Amino acid sequence: AIDFFHNNPEPGLVWLQRIAERFPRSAWLNPDPLPYWDTTYTNRLIREIFSMFPLTVEGLEEAIQHIKHRVV
């Protein structure tokens, strides 16, 4: 939901799952520093759906390699 008082019938996690199913060669670039990835419930849920990489040049390179070599 965009607004606190606006309620979507489906949670955003459902939509992320649909994206992952539609685009199996996908990855999540996380702007949070790596030590914080396991400190939030949201990060843990997203990591169950997508392979996660840091939002850095190196992380982007790793994500590209992951996507290129992923067997679908």
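Our structure's up above, just so we're on the same page.
Residues numbered from 1 in each chain as written. Predicted model: local features only at pLDDT ≥ 70, side-chain atom pairs only at ≥ 80, totals over all residues. Heavy atoms only, no water.

Novice: Looking at this structure, how should I read the overall build of the protein chain?
Specialist: Helix and strand content of the protein chain: three helices and two strands. In the protein chain, the order of α-helices and β-strands from amino to carboxyl end is α-β-α-β-α. Across the 72 residues in the protein chain, those meeting the buried criterion constitute 19%. Carbon and sulfur atoms provide 61% of the accessible area of the protein chain, an area that totals close to 5,800 Å². The protein chain carries 7 positive and 9 negative side-chain charges, and their two centres are separated by 9 Å. (Helix = DSSP H or I, 4+ residues; strand = E, 2+ residues; numbered from the N terminus. Buried < 20%, exposed > 50% of the residue type's maximum accessible area, 1.4 Å probe, protein only. Areas by Shrake-Rupley, 256 points an atom, 1.4 Å probe, with all protein chains shown as cover. Lys, Arg positive; Asp, Glu negative; His and termini not counted. Charge placed at Lys NZ, Arg CZ, Asp CG, Glu CD.)

Novice: Sorry if this is basic, but what is going on with the pattern of salt bridges here?
Specialist: A pair can form between side chains of opposite charge whenever their charged atoms are brought close. Under the criterion given, the structure shown has two salt bridges. One salt bridge in this structure joins R18 and E10, with 2.6 Å as the shortest N-O distance. For R47, the salt bridge goes to D38, with nearest N and O atoms at 2.8 Å. (Salt bridge = Lys/Arg side-chain N within 4 Å of Asp/Glu carboxyl O.)

Novice: Looking at this model, I keep getting lost on helix 2 (residues 41-49). Mind explaining?
Specialist: An α-helical segment advances 3.6 residues per turn. Residues three or four places apart therefore align on the same side. Restricting attention to buried positions, one finds in helix 2 the residues N43, L45, I46 and I49. One face of helix 2 carries all of its buried residues, which in axial projection span an arc of 165°. Summarising the geometry of helix 2, the exposed residues directed more than 90 degrees from the buried face are Y41 and E48. On its buried side, helix 2 packs onto helix 1 (12-22), strand 1 (28-30) and strand 2 (52-54). (Arc of directions from axis to C-beta. Contact = heavy atoms within 4.5 Å.)

Novice: Just to check I follow, could you spell out the packing of aromatic side chains for this structure?
Specialist: To describe a pair of aromatic rings, one takes the distance between the centres and the angle between the planes. Inspection of the entire model under this criterion finds one aromatic pair. Residues W28 and F50 carry aromatic rings whose centres are separated by 5.6 Å and whose planes lie at 35° to one another, so their mutual orientation is tilted. Of this pair, W28 sits in strand 1 while F50 is found in the loop between helix 2 and strand 2, placing the two residues 22 residues apart along the sequence. A relative accessible area of 6% means that F50 is categorised as buried. Positioned above the aromatic ring of W15, the side-chain terminus of R18 is 4.4 Å from the ring centre. (Phe/Tyr/Trp six-rings, centres within 6.5 Å; stacked < 30°, edge-to-face > 60°. Lys NZ or Arg CZ within 6 Å of the ring centre and 35° of its normal.)

Novice: What's the story with the packing of helix 1 against helix 2 in this structure? I'm lost.
Specialist: Between two packed helices, what matters for the description is the angle formed by their axes and the separation of those axes. Closest axis-to-axis distance for the helix 1/helix 2 pair is 10 Å, and the angle between their directions is 25°. Relative to helix 2, helix 1 is oriented roughly parallel. Along this stretch, helix 1 crosses helix 2, giving a crossing that reads as right-handed. Where helix 1 approaches helix 2, its residues L13, L16, Q17 and A20 are matched on the opposing element by L45, I46 and I49. Grouping the amino acids of the contact of helix 1 with helix 2 by side-chain chemistry returns six nonpolar, one polar and no charged. (Axes fitted to C-alpha atoms, helices over the stretch in contact; angles between N-to-C directions. Parallel < 35°, antiparallel > 145°, perpendicular 65-115°, else oblique. Left-handed = near helix turned anticlockwise from the far one by under 90°. Nonpolar A, V, L, I, M, F, W, Y, C, P; charged D, E, K, R; others polar.)

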